[in-house]
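One letter stands for each residue in the lines below.
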Amino acid sequence: MSRVSPLKINQLANRCSTKDLSFRTTKDLKPVRDVIGQDRAVEALKFGVEIGSEGYNLFVLGPSGYGRHSVVQNYLNRLAKTKPVPSDWCYVNNFVDSYKPLLLKLPSGTGRKLADDMDRLVEDFRNSVPAAFENDKYRMRRQEIEHEVSEQQDKALEAVKKRAKKKNITLIQTPSGIALSPTKAGEILDQDAFRKLPEKERKKLQKDITALQADIEKIIHHIPRIRRSIQRKVKDLNQAVTRAAVSGLIEDLKQEYSAMDNVQDYLDKVQEDVVESAEELFLSKEGPGQGGGNMPTEEMQVASMVRYRVNVLVDHGETKGNPVLYEDNPCYNNLVGRVEHISHMGTLLTDFTLIKPGMLHLANGGYLVIDAMQLLMQPFAWDSLKRCLRSREIRVESLGQSLSLVSTVSLEPEPLPLDVKVVLVGDRMLYYMLHDLDPEFSDLFKVAVDFEDHMDRSPRNVQMYARLIATLIQKDDLMPFDRAAVARVIEFSSRHAEDAEKLTMEMRSVADLLRESNYWARQGKATLVKSDHVQNAIDQAARRLGRIQTRWREETVKGTFIIETEGERVGQINALSVIQLGGHAFGHPGRITAQVRMGGGEVIDIEREVNLGGSLHSKGMMILSGYLMGHFVADKPLSLSASLVFEQSYNGVDGDSASSTELYALLSALSGLPIKQTYAVTGALSQMGEVQAIGGVNEKIEGFFELCKARGFTGDQGVLIPAANVNHLMLNPEVIDAVRQKKFHIYPISHVNEGISVLTGVPAGKRNARGLFPKNTVNGLVERRLVAFAEQSRAFHANDGKDEKK
Amino acid sequence: MNSKRILIALDSSSQSLSALDAAVEIAHQRGCELLGVFIEDAELLRVTECDVAREVGASAAQSRDLQHAEIESIFRSLAAHARQSLEIAAERKRIPWDFQVIRGQVDETLTELMKEVEVTALGSLSSRWPATSGFGSTALNVLKKSKGGVFIARNGNSILFPVTVVSRTLEESRMALETAFSMGNLCHHYFNVLYLPGDDPLQELELRQWLTQVSQDKAVLFRMYVITPPTMMNLAGYLQAFRPGTLILPDIPWLKKARFLKQVQTLDCPVYLIRGMEEMEAS
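All values reported here derive from a predicted model rather than from experimental measurement.

> Report on the overall build of chain A, specifying residues and quantitative values.
Per the secondary structure count, chain A includes 28 helices and 30 strands. Here the C-alpha radius of gyration of chain A, 48 Å, is well above what a compact globule of 806 residues would show, namely 28 Å. With the C-alpha coordinates of chain A rotated into their principal frame, the extents come out at 165 × 90 × 50 Å. Burial status across chain A gives 50% buried among its 806 residues. Looking at chain A alone, contacts between residues at least 24 apart form 77% of all its contacts between residues at least 6 apart. Entry remark: accessible area of chain A is about 39,600 Å², with carbon and sulfur atoms responsible for 50%. Side chains of chain A carry 105 positive and 106 negative charges; the gap between the two charge centres is 1 Å.

So, in structure tokens, the structure goes:
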């Protein structure tokens, strides 16, 4: 295997040359109107919005800060303007069952008009109907009817009186009724006078009194029937008067809504109800209009006539196109609406005018954008949304009602037909979890709008990206950037994407950098933002969050954490890890040591033994063991006992990016060859010995670089990285300068044999035709040691047997 | 005649209590005393002495024997209630009052008592069954026979608006309106004045002028109508048309006529009959 050469300068970062940018400042650039770099997402969005089939709601997935919300809303807003305005929806009283308000669907803008017209109609009722009842003709007719009761009573009683008189019996009023008493010559007979009468006459008088008594009883019994008949007549009269007073007013209104059958029907019902309820609404119990009588108070009237109001639930009078709504608090009530109550004398009252719409109502016929995490965090909101989408209707009911927790009487408004596109916005993990765990999710959200994390850094895309930067600058009203500053931002974008050939689509970080660069430029009293300002912004951001990093480095330089950056050691190597704290990631060198002896063939991962090692780290260790078993003494049992540990690591380790590093330590321990401590190593190992790509390569290199810089460069320090990570390098200028000055070196490693030869300075060695490694190679020394362990182990066990026999 | 007393016939019906309210207002305005009377119907008591007499109850339509003791007990209870009502009403306005319970024939007793008072107030009907429209026999009797003023409450009301005054002369109008004003605060209400013209055409002019003055002084509104010709039926027609809230009548001869009384009864409003001028001068 040929010796590995360190990376050249131009491999350490993909610099953006100002020559590639065809403008002087961002003022020269036209803002971007369309979305860039999200072709897949935009196509999916278009598809999801246009397909009309059921279940094709959208889930926009991608990390936060990638412009998902703004892209979706901008797209929908533009599209919605070209679509027709949906209908207005109103709730009106159900005159048959007031607990079940009815819906009226009206052309957009008509709901408010109808509500106003009905308010005016009610005012007209209040003026015209009482006036009709104050008419003299009505009063006379009513009195005539009411006098029928007394007339019929009088007539009947008069007839009884006459019959009584003929029979010498008189009728006298008592405090509680009528008394019948015998008379003679017009004089009431007392007991003595009665006894003096002949017996025959007495008996006749008794009989006549009994008969007359029965007649009076009949009259009394008949009175309720008479009253009922009179009441009916009065009611008919009142209804006729009311009908005459209101029919003209209602006809006029019906003319205005002649094209709407549902309104016509509703107005007919209003008329019927007004006529039916005239007495309750406009009349006292004692009769109309007599001054000082008990007319229903204005307050009572207004309250009674609420039933004729129109509750405009959804008013699209001002809407242009389809509605596009964003709900940032998607709780249950905000989604499906609610029925409000008014507290009155210790009780809660409600009616159809207190039905309030939710966002589903307001977005009906259009689009509703909801943050998925916010939705899932709200109790019962997710279930209620699914229920509405599944049933294609919105049912306004309280949570208590929907869960059958309350049994008090409440409103059951007619459900509103639902036709809406729901767009959920969330991260990928959430999407996949919902997909796997919620069986209804796939039925209701069939369209995934997957946002790219980054786009290719092609020359064309670089130009577009520059325009995007200009758009962000304009949007935030920042100072213009010169092209060197834009170039630096583009390099930052690649660094953020962790790929020299990509540009990040996480525009939040880019926008923050622009704002902070602008700030530093203003601090320097500049009128144009330059690359220095951008670099300063980057450095200052790192500094703000770099307290832990600085502190660690200080302790390492002091020797609290033992990391050697000079000399060489057997079985010890510098490893690299990345620590993510808040929004800041930094490289953190560590020390791995290995111990070996003869044993049963296990490689002990001390981290795993004490539960500080994660599953990925354990996997890496097993791969390492697999490599050993596959490459050395395949014809003999592995009689090795080895232990590996991250020294001075107390917080847990995961990931397999240090598996190659651990292998180097083990090979060093087995071969007895020391490893140069001037190097730090990172790379994931395969069982074939390939060194595979890892994450955070830039931070890891810079982490070791900072330590070497703090101690003073020796000229031979550097980092071994997987060759597959070379395309991800976007190292900061300081590192590049050090490499240029040959103070620091970075080696791309494809196979452990390359790495071990760099670390030990000894060739790794390849098996010859006889299958043996050359003697003075790393592999040869390792294999010889393993064979020795195997021999020792065999001898040990053989002695064991002999001892037993003895 | 004691011109400083108002007789109020009480039987504890709501009508008689309304009449009591009106009587209290009139007494308060005029500085009169109140004489309340409850008449124990002697005829009824006589009926209870006959074993064969029977009563049919108005509420339950059930017949039973009449018990003398029971009727007396009811009378005592009604009288006590009437007395209490009078006491409360009179004390409210600090009006001197007296109450009598008299056993006798109702109409005759009242007729005797009316001779000694300025005004007699009563309800149009008792609370007894059947409740008919119009005036009861006692009210009709009082209207016909009284020499003094009579106030008849209707339907539980003592005063309703608009007040309609019928007059033949300026003096009658003055008396009528003073009577009306004595019944309460009538500011901002309006009055109908139905004028029956006599031979002197200047009377009408004087009356109009006086009404204008009163309207300003008392903040009330008047509408004056001249009944031409001043006949009973014409007047009855006007009354039917205007539907008075309260009717104030002078002591006109037609009042005794059954036809006119029938028309007045159908108006269903409280009626105040004021005493004529000759009686006033005599007293």
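> Can you lay out the packing of aromatic side chains for me, pointing to particular residues and giving the numbers?
Residues and elements named next belong to chain A. Going through the model one piece at a time under the given rule, you end up with 24 aromatic pairs over all chains. An angle of 85° between the planes, with centres 6.0 Å apart, marks the rings of Phe47 and Tyr56 as edge-to-face. Classification of Tyr56 as partly exposed rests on a relative accessible area of 23%. Seen from their ring centres, Phe441 and Phe445 are 5.5 Å apart, and the 15° between their planes marks the pair as stacked. Ring pairing ties together the aromatic residues Phe59, Trp382, Tyr431, Tyr432, Phe441 and Phe445, which thus form one cluster. Lying over the aromatic face of Tyr56, Lys446 brings its terminal NZ or CZ to 5.9 Å of the ring centre.

> Can you lay out the environment of A:Ser64 for me, pointing to particular residues and giving the numbers?
Residues and elements named next belong to chain A. Considering the arrangement of structural elements, one finds Ser64 in the loop between strand E1 (58-61) and helix H2 (68-80). In this structure Ser64 comes out as partly exposed when scored by relative accessible area, which is 39%. It is 27 Å that separates the C-alpha atoms of Ser64 and Asn364, two residues lying 300 residues apart in sequence. Excluding anything up to four places from it in sequence, Ser64 contacts Glu506 and Arg508.

> Requested: an account of a positive patch on the surface, with residues and values cited.
Residues and elements named next belong to chain A. The grouping of Lys162, Lys166, Lys167 and Lys207 at the surface amounts to a positive patch. Tracing the chain through its elements places Lys167 in the loop between helix H4 (136-166) and strand E4 (169-174). With relative accessibility at 31%, the residue Lys167 sits in the partly exposed group.

> Now, about the sheet that holds strand E7 (residues 149-153) of chain B: what can you tell me, with residues and values included?
Residues and elements named next belong to chain B. Spatial strand order, E5-E2-E1-E6-E7-E12-E11-E8-E9-E10: ten strands in an open sheet with mixed pairing. For this open sheet the edge positions go to strand E5 (97-104) and strand E10 (221-226), each flanked by a neighbour on one side alone. Shown here is a sheet whose adjacent strand axes are inclined to one another by a mean of 20°, direction ignored. In this structure, strand E6 (residues 119-123) lies alongside E7, joined through five bridges in parallel fashion. Counted as the bridge partner of Thr120 is Val150 from E7. Strands E6, E7 and strand E12 (271-273) of the sheet are contacted by helix H5 (residues 137-145), whose axis makes an angle of about 160° with E6.

> An account of the packing of helix H19 (residues 507-523) of chain A against helix H20 (residues 531-544) of chain A is requested, with residue identities and associated values reported.
All names here are of chain A. Two elements in contact, H19 and H20, have axes whose closest approach is 8 Å; the angle formed by their N-to-C orientations is 110°. On the basis of the axis angle, H19 is roughly perpendicular to H20. Contact residues: H19 offers Leu513, Glu516, Ser517, Trp520 and Ala521, while H20 offers His533, Val534, Asn536, Ala537, Ile538, Gln540, Ala541 and Arg544. Class assignment for the residues of the contact of H19 with H20 results in seven nonpolar, four polar and two charged.

> Run through the domain arrangement of chain B, naming residues and quoting values.
Many authors give the size of an interface as the accessible area that is lost as the parts come together. Residue and element names in this part refer to chain B. Structurally, chain B comprises domain 1 (5-50 + 67-153) and domain 2 (163-273). Once you take the C-alpha centre of each, domain 1 and domain 2 turn out to be 27 Å apart. Overall, the association of domain 1 and domain 2 removes approximately 1,400 Å² of surface from exposure, summing both partners, and the carbon and sulfur fraction of that is 62%. Between the two partners, domain 1 and domain 2, sit zero salt bridges. Between domain 1 and domain 2 we count two residue pairs in polar contact (both at pLDDT 80 or more) in total. Taken together, the elements giving at least two residues each to the side of domain 1 that touches domain 2 come down to helix H1 (14-30), H5 and E7.

> Explain the interface of chain A and chain B residue by residue, including any values.
With 37 residues of chain A at the interface, the matching set in chain B holds 35 residues. Of all residues in chain A, A:Gln173, A:Pro175 and A:Ile220 give up the largest surface area on contact with chain B, accounting jointly for 17% of the area buried on that side. Linking chain A to chain B there are one salt bridge. In this structure, the connection of chain A to chain B is made through eleven residue pairs in polar contact (both at pLDDT 80 or more). Mapped by element, the contributors of at least two residues to the side of chain A that touches chain B are H4, E4, strand E5 (177-184), helix H5 (191-195) and helix H6 (199-256) of chain A.

Conventions we followed
Residues numbered from 1 in each chain as written. Chains lettered and ligands numbered in written order. Predicted model: local features only at pLDDT ≥ 70, side-chain atom pairs only at ≥ 80, totals over all residues. Heavy atoms only, no water. Helix = DSSP H or I, 4+ residues; strand = E, 2+ residues; numbered from the N terminus. Rg over C-alpha atoms; globule rule 2.2 N^0.38 Å. Buried < 20%, exposed > 50% of the residue type's maximum accessible area, 1.4 Å probe, protein only. Contact = heavy atoms within 4.5 Å. Areas by Shrake-Rupley, 256 points an atom, 1.4 Å probe, with all protein chains shown as cover. Lys, Arg positive; Asp, Glu negative; His and termini not counted. Charge placed at Lys NZ, Arg CZ, Asp CG, Glu CD. Phe/Tyr/Trp six-rings, centres within 6.5 Å; stacked < 30°, edge-to-face > 60°. Lys NZ or Arg CZ within 6 Å of the ring centre and 35° of its normal. Patch = residues over 30% accessible without salt bridge, like charges linked within 9 Å, V, L, I, M, F, W, Y side chains within 5 Å. Salt bridge = Lys/Arg side-chain N within 4 Å of Asp/Glu carboxyl O. Pairing = 2+ DSSP bridges. Axes fitted to C-alpha atoms, helices over the stretch in contact; angles between N-to-C directions. Parallel < 35°, antiparallel > 145°, perpendicular 65-115°, else oblique. Nonpolar A, V, L, I, M, F, W, Y, C, P; charged D, E, K, R; others polar. Domains from an automatic or database assignment. Buried area = accessible area lost by both parts, 1.4 Å probe. Polar contact = N/O pair within 3.5 Å; in protein donor to acceptor, adjacent residues only side chain to side chain.

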